[in-house]
2 protein chains.
Amino acid sequence: MNQYIAPIRDMQFVMQELAGLDQVLALPGYEEADRDLVDAILEEAGKFAGEVLAPLNRVGDTEGCRWEAGQVTTAPGFKEAYRQFVESGWNGVACEPEFGGQGLPRLLSSAVREMWKASNMAFSLCPMLTQGAIEALALNGSSELKARFLEKMVSGEWTGTMNLTEPNAGSDLAAVRTRAEPQVDGSYRIFGQKIFITYGEHDMTDNIVHLVLARLPDAPAGVKGISLFVVPKLLVNADGSLGERNDAWCASIEHKMGIHGSPTAVMIFGENGGATGYLVGEANRGLEYMFVMMNEARFGVGLEGLAIGERAYQQALAYARERVQGKDMTSRSPESVAIIRHPDVRRMLMLMKAKIEAMRALAYVVASSLDHAHQASATDERNKHQAFADLLIPVVKGWLTETANELASIGVQVHGGMGFIEETGASQHFRDARIINIYEGTTGIQALDLIGRKTARDGGAAAKALVAEMLALDGQLAEQADADFTVIRQALVEGAAEMDDCVDYIVENFSANAAEVAAGSVPYLMLVGIVAGGWQMARAALAARRRLDEGSGDASFYRAKIATARFYAEHVMTQVAGLSRTVREGGKSVLMLDDEQF
Amino acid sequence: MNQYIAPIRDMQFVMQELAGLDQVLALPGYEEADRDLVDAILEEAGKFAGEVLAPLNRVGDTEGCRWEAGQVTTAPGFKEAYRQFVESGWNGVACEPEFGGQGLPRLLSSAVREMWKASNMAFSLCPMLTQGAIEALALNGSSELKARFLEKMVSGEWTGTMNLTEPNAGSDLAAVRTRAEPQVDGSYRIFGQKIFITYGEHDMTDNIVHLVLARLPDAPAGVKGISLFVVPKLLVNADGSLGERNDAWCASIEHKMGIHGSPTAVMIFGENGGATGYLVGEANRGLEYMFVMMNEARFGVGLEGLAIGERAYQQALAYARERVQGKDMTSRSPESVAIIRHPDVRRMLMLMKAKIEAMRALAYVVASSLDHAHQASATDERNKHQAFADLLIPVVKGWLTETANELASIGVQVHGGMGFIEETGASQHFRDARIINIYEGTTGIQALDLIGRKTARDGGAAAKALVAEMLALDGQLAEQADADFTVIRQALVEGAAEMDDCVDYIVENFSANAAEVAAGSVPYLMLVGIVAGGWQMARAALAARRRLDEGSGDASFYRAKIATARFYAEHVMTQVAGLSRTVREGGKSVLMLDDEQF
């Protein structure tokens, strides 16, 4: 019941038909990869996820992590699974070859990461945070720092963390108070407290490399006075061997609603004289360095939404096929049937399936754009793709994680009363999902980024380009005259028009009336997610139609694609017009009450 | 932070201005109650809820219940709180005076029950289930059974349970297998297993009176062969004293995602020779008796939705006023502000506030109708109100409980990362809420009832009467020419028209194509909930306008009512058109795939 089978068939369809796998593989730097390699990696990763990680998911939930005297013990099996993960070379899949990474395209590594996240989200956070730390160091660290730390982080011998949040500095990093005092040897002493540090302490590796935001003594106030430091748990000698224990300690771990397998640490730096740290890049540019990474980190959390949705769907589907209850409405048979036969259960499963497919397509298309943005030879190609990805990353983060919460809840609902019983396992996905639309920037923060930096700042150019790209599909859709495509086409055209209206509204009103526009920012983010998802569903339906017309491949799979795209149009795209009205008309009423009137 | 203050001001507004308190108090049977008594009861109940029950809510969550050798120990403080609850006479508030109840109007008892549920949902389930058992016995039991059990159940000296579900008989009670063997003394021996029995075993009272569905040896198959039995934990002697331990045992309690304070028992009847049971009413009519009660039980669970929403709102609001983070978008001040100043946080709080007010108004209006349906002198008055309540009870159950899940999730979101930390308390409401749209009939079951028995069966008469009643408000709304009322009016008129279209679609298609119509049943239920809620918000705005025009009362409160109604129109009613399309056009695509294509 609580198995995970990597959805390789759908991943391949999306990569090949929607995300331009062949074009990605033709990019400079990816010459060594081909379709066979891609398929082999998906196969192997799927095995590892299904056989090694998935069985530990519930163990992580029930056993959690234990803190004792500053040490954290992870759940039984996690340490051994991590060892296998590293030995199999999975840690460096997306990293640069320079430090031992495999430098595979993001399109492929996204599919692989989806598998880690779906099979065992709590486990997957460890390599995810390590990868973030690797990127920050690789982009901005001195060659000495890189030489000392990167290779072992890429291999996974050491893990990495990101220390941003403090008790009074969550979404607002301007309030960071941790301080760094320069030493004569060029290093720094770090003093302060950080909270919500994922895998801030654990027993899976000898060393942990903390990246820490802190202020220098003479730093300006606010976000322009924050610097980034490397603070290893154990100091590293010049020869690369491990040295003294640094003054960086895990004071406790949090008691959370979900992701129990992932330790969330309170870190204390410098309680015994100061933690030794090394400045990354230039002083006072820490937040800027973080922001460069943040795009990819946010994209990664978006993938968690897709992954949890997929896992919840697999579990609900297995239960719906197995659980016998009630009669079939469409027959007169007195026999009880599996609940998958009941129309409302089918509606719930279709909603899960359709949204998962839309999420996967949108996420992989953005991953593909990130590959082009990084690797394409032509500057204007790179810029075009970067603008597309920049626009859609807050949507991938916000819409996918919000949707995952909805789907995990539907997964519980399909189980009926059993869904509320912990042993069933459906509730774990529901509880685990509840953090992903909060961390790495809440949905509200993503939505502010979307309306401000991503929509208003360029006068709506990137958003309008997306609308135009959606509408460019109209001709192909119009060539298909059947009922399914008529519905799909109408929904896309209407949806794109509504998005266009919203973009106009935002561009026209943001500078004069930012608060009113911001009051509609989350509905706008949800609208863009739904419409962009619908665009991908329409593309998927067209691709499936082409394969059916050619008579190639699995006809049943392609017919399901078309039916699912139609379902999405009728059950998801129908929300767009209402969201659009809320965005354009609903700002004023959000702000009408005084604080005391609540 | 984790306090509960009963929202008496809003309760009074709804009771007086929307639910016709004065007319209810004028009904035969309620002569002894007046507005002063109502206010005094609300005041006292609010105190009890806030001072006694609310502080135990988190204790129940963290300590849960312990099972040992068939005995269940409730969380520290629950037993004493129950003793106080009973001693203060709260258990019999809504029960008939014949057996010691206070026989207060449902309108009032609903407000009181909202307080129990909001302050401590896990605790409140015990008196709720007892009340269900009381009603089943009072309606159908012999005078001997009533004499033996009812008085002590009404006082709360004994509690009651409902034993319906079995491992293979959840939503489908036709599959009940528990059997009853007639004995020569007129009693029965009961054999079988029941699951999900709320407060099936506990330490708060000496005796527990189980009502159990079981089959007689010669019973017809299916739902027409189920009878209802009283099976006390301890047998009761003729003089009312407690006798032998009955053969009804709690085999275990469930490990649940939420409502940890409420023991959910697996009950085994007859493992040692048979549990003694007494037939309630006639043989084979058990399900029919259950259905009579079920309306009020479902209404009661709907109130849980309102209550959890209110509690989550109070907690989120307190946090949003207190948590300082980020700058005010509308000023240039460098000072950080409380997050309630941020537009998206305000939007979330408004969404909670608006939906809670709509839910409360709808629930209390239905409670008032139940009072009229039971107590009005004129038959046609009773029938009219019964039809109205019958139509709306699946909506109160389904829409309020689904909405509560949304609001509890928003409550977590307002807390940001702290919402995911168990100590904060926001997550408890989120976890507790996840059962209420499942038990007492899932939302899918409510929606089937709504489209079938409540909409299609009478050719849409009751639903159309509701639409007409909504549209009858149009004249009054049109008299108010300002922007707020223009928005409110348009949303209501459009919403009622969409509901009307859906009713036509259901009536026209249900008999020929039940599965397709059923595929849109949950969207229809949500649509009716939203529109009926919007109707109440419009009524509230008109009532507030009247008071403002009179210059009476708290102007700030009334102005907030109008602003909140406008917000509801712009942020909630905007979903109606999309839901309507899904209902009317989306049935086919739900059913397009073969089982293997999922």
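Residues numbered from 1 in each chain as written. Chains lettered and ligands numbered in written order. Predicted model: local features only at pLDDT ≥ 70, side-chain atom pairs only at ≥ 80, totals over all residues.

## Considering the overall build of chain A
For clarity, the cut-off: Each helix is a run of H or I in the DSSP string that is no shorter than four residues. Each strand is a run of E no shorter than two, and both are numbered from the N terminus. Every C-beta atom is placed from the backbone, and the number of other C-beta atoms within 10 Å of a residue's own sets its class: buried at 20 or more, exposed at 12 or fewer, partly exposed in between. A pair of residues counts as a contact when their C-beta atoms, built from backbone coordinates, are separated by no more than 7 Å.
The secondary structure content of chain A amounts to 21 helices and 14 strands. Per-residue burial for chain A yields a buried fraction of 61% across its 598 residues. Across chain A, every contact between residues at least 6 apart in sequence was considered, and the portion connecting residues at least 24 apart equals 75%.

## With respect to the domain arrangement of chain A
Let me state the cut-off plainly: Reported domain spans reflect what an automatic or database domain assignment gives.
Along its sequence, chain A is organised into domain 1 (8-141), domain 2 (153-284) and domain 3 (459-590). Distance from the C-alpha centre of domain 2 of chain A to the C-alpha centre of domain 3 of chain A: 42 Å.

## Looking at the relation of the copies chain A and chain B
Definition in use: The least-squares superposition of copies is restricted to C-alpha atoms, and to residues with a pLDDT of at least 70 in both copies.
For the pair chain A and chain B, the best superposition has an RMSD of 0.0 Å and corresponds to a rotation of 180 degrees with a translation of 0.0 Å parallel to the axis. Put plainly, the chains are arranged around a two-fold axis. The fraction of interface residues of chain A whose copies in chain B are also interface residues reaches 100%, indicating that both copies meet through the same surface.

## Details of the packing of helix H6 (residues 106-119) of chain A against helix H10 (residues 343-375) of chain A
Residue and element names in this part refer to chain A. Filter applied, for reference: Fitting a line to C-alpha atoms yields each axis, with helices limited to the stretch in contact; the angle taken between N-to-C directions then spans 0 to 180 degrees. Gly is put with the polar residues, along with every residue not named as nonpolar or charged; the nonpolar set is Ala, Val, Leu, Ile, Met, Phe, Trp, Tyr, Cys and Pro, and the charged set is Asp, Glu, Lys and Arg.
At their nearest, the axes of H6 and H10 sit 8 Å apart, and the two run at 140 degrees to each other. Packed against H6, whose contacting residues are Arg 106, Leu 107 and Ser 110, the element H10 presents Ala 363, Tyr 364, Ala 367, Ser 368, Leu 370 and Asp 371 at the interface. A breakdown of the residues in the contact of H6 with H10 according to their chemical character gives five nonpolar, two polar and two charged.

## Focus on the interface of chain A and chain B
Counting residues at the interface gives 72 residues for chain A, matched by 72 residues for chain B. Split by residue class, the side of chain A that touches chain B holds 31 nonpolar, 26 polar and 15 charged.

## Structural notes on the pairing of strand S3 (residues 159-163) of chain B
Residue and element names in this part refer to chain B. The line we're drawing: Two strands qualify as a pair provided DSSP detects at least 2 bridges between them.
Along S3, five of the five residues are buried, which leaves the element largely enclosed by surrounding structure. The alternating pattern of S3 places Thr 159, Thr 161 and Asn 163 and Gly 160 and Met 162 on opposite faces, both of which are buried. Summarising the sheet, S3 and strand S6 (residues 208-214) pair through five bridges and their orientation is parallel. In the strand pairing of S6, Asn 163 is matched with Val 212.

## Points about the packing of helix H14 (residues 461-471) of chain A against helix H16 (residues 483-509) of chain A
Residue and element names in this part refer to chain A. For the record, the criterion: Small angles under 35 degrees read as roughly parallel and large ones over 145 as roughly antiparallel, with 65 to 115 read as roughly perpendicular and the rest as oblique. In this scheme the crossing of two helices becomes right-handed for a clockwise turn of the near helix relative to the far one and left-handed for an anticlockwise turn of less than a right angle.
H16 packs onto H14 with a crossing angle of 165 degrees between their chain directions and a minimal axis gap of 10 Å. Considering the angle they form, H14 stands roughly antiparallel to H16. Our pair here, H14 against H16, has a crossing hand that is left-handed. Facing H14, whose interface residues are Ala 463, Lys 464, Val 467, Met 470 and Leu 471, H16 presents Leu 492, Val 493, Ala 496, Met 499, Asp 500 and Val 503. Taken together, the residues of the contact of H14 with H16 sort by class into nine nonpolar, no polar and two charged.

## Digging into the confidence of the model for chain A
Threshold: Think of pLDDT as the predictor's per-residue confidence, scored from 0 to 100.
Per-residue pLDDT for chain A averages 96, and the proportion of residues at 70 or more is 100%. Our summary of model confidence lists the complex with pTM equal to 0.98 and ipTM equal to 0.97.

## A short note on the pairing of strand S7 (residues 227-232) of chain B
For a regular strand, side chains alternate in direction, first toward one face of the sheet and then toward the other. Residues and elements named next belong to chain B. Counting buried positions over the six residues of S7 gives six, a clear majority of the element. Along S7, one buried face is formed by Ser 227, Phe 229 and Val 231 and the opposite face, lined by Leu 228, Val 230 and Pro 232, is buried too. Summarising the sheet, S6 and S7 pair through six bridges and their orientation is antiparallel. Residue pairing in the sheet places Ala 214 in a bridge with Ser 227 of S7. In the sheet, S7 pairs with strand S12 (residues 275-280) via three bridges, with the strands oriented antiparallel. Residue pairing in the sheet places Val 230 in a bridge with Tyr 278 of S12.

## Considerations on unusual backbone geometry
Backbone geometry at Glu 440 of chain A places phi at a positive 60 degrees, although glycine is not the residue there. As for its position among the elements, Glu 440 of chain A is in the loop between helix H12 (426-433) and helix H13 (443-456).

## Focus on helix H8 (residues 143-155) of chain A
Residue and element names in this part refer to chain A. To keep things clear, this is the line we draw: Multiplying one less than the number of residues by 1.5 Å gives the expected span of a helix. Given a residue, its bend is the angle between the two axes fitted to the seven residues that end at it and to the seven that start from it.
Over its 13 residues, H8 runs 18 Å from end to end, which matches the ideal 18 Å to within 8%, given 1.5 Å per residue. Helix geometry: H8 is bent most strongly at Phe 149, by close to 40 degrees. Where H8 is concerned, the buried positions are Arg 148, Phe 149, Leu 150, Lys 152, Met 153 and Val 154. Each element contacted by the buried residues of H8 is listed here: helix H7 (121-140), strand S3 (159-163), strand S6 (208-214), strand S7 (227-232) and strand S8 (234-236). Once H8 finishes, Gly 156 follows within two positions and takes phi at roughly 100 degrees, a positive value.

## Some remarks on the environment of Gly 419 of chain B
Looking at the element boundaries, Gly 419 of chain B is found in the loop between helix H11 (379-414) and helix H12 (426-433). Measuring from C-alpha to C-alpha, the distance between Gly 419 of chain B and Phe 430 of chain B comes to 9.9 Å, with eleven residues separating the pair along the chain.

## What to know about H14 of chain A
Residue and element names in this part refer to chain A. Heads up, the rule is: Note that the arc is defined by the directions from the helix axis to the C-beta atoms.
Among all positions in H14, only Ala 462, Ala 463, Leu 466, Val 467 and Met 470 are buried. Along the axis of H14, the buried residues cluster in a sector spanning 145 degrees; they form a single face. Buried residues in H14 make contact with helix H11 (379-414), H13, H16 and helix H18 (521-550).

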